Amino acid sequence: MPVPQLTEAEREGVLASLPEWTLRADSLAIEREFKFRTFSEAWAFMARVALLAEKQDHHPEWSNVYNRVAITLTTHDAGGLSERDSKLARAIDKLLA
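All of these numbers come straight from a predicted model, not from anything done at the bench.

Visitor: Lay out the pattern of salt bridges with the relevant residues and their values.
Guide: Scanning the entire structure with this criterion turns up 4 salt bridges. Ionic pairing is found between Arg24 and Asp26, a salt bridge with its closest N-O pair at 2.9 Å. Under the relative-accessibility criterion, Arg24 is labelled partly exposed at 24%. A salt bridge links Glu41 to Arg37; the shortest N-O distance between them is 2.6 Å. Note on Glu41: relative accessible area 27%, which makes it partly exposed. Arg37 sits in the exposed class, given a relative accessible area of 67%.

Visitor: Outline the pairing of strand E4 (residues 68-73), listing residues and values.
Guide: Pairing between strand E2 (residues 30-35) and E4: 6 bridges, direction antiparallel. Bridge assignment links Arg32 to a residue of E4, and that residue is Ile71. In the sheet, strand E3 (residues 61-65) pairs with E4 via 5 bridges, with the strands oriented antiparallel. Looking at the pairing, Val65 lines up with Arg68 of E4. Counted between consecutive antiparallel strands, the loop separating E3 from E4 contains 2 residues, among which Tyr66 sits at a positive phi close to 50°.

The rules behind these values
- Residues numbered from 1 in each chain as written.
- Predicted model: local features only at pLDDT ≥ 70, side-chain atom pairs only at ≥ 80, totals over all residues.
- Heavy atoms only, no water.
- Salt bridge = Lys/Arg side-chain N within 4 Å of Asp/Glu carboxyl O.
- Buried < 20%, exposed > 50% of the residue type's maximum accessible area, 1.4 Å probe, protein only.
- Pairing = 2+ DSSP bridges.
- Helix = DSSP H or I, 4+ residues; strand = E, 2+ residues; numbered from the N terminus.

Just distances and angles here, no functional claims.
Put into structure tokens, the structure is as follows:
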């Protein structure tokens, strides 16, 4: 079953509720960069995100360079942003609260 893509109004609502995330230039994904004190802290964060992603069966596009982790969320089945992305972004943000 296809996952519905968020409408423009829904995207705006998601962005308003996730102030640390930005809309990618093509409006099909949200992005955020995280910075930690050390590589080990960044890696531990990625491990926690991986567990969330597995539990939600929704996996981020991401990269890690030393103490930085860049995450992009998009739903390929929807061809852009979906509720799955906002749900995972909220869960990721809670890891840092």
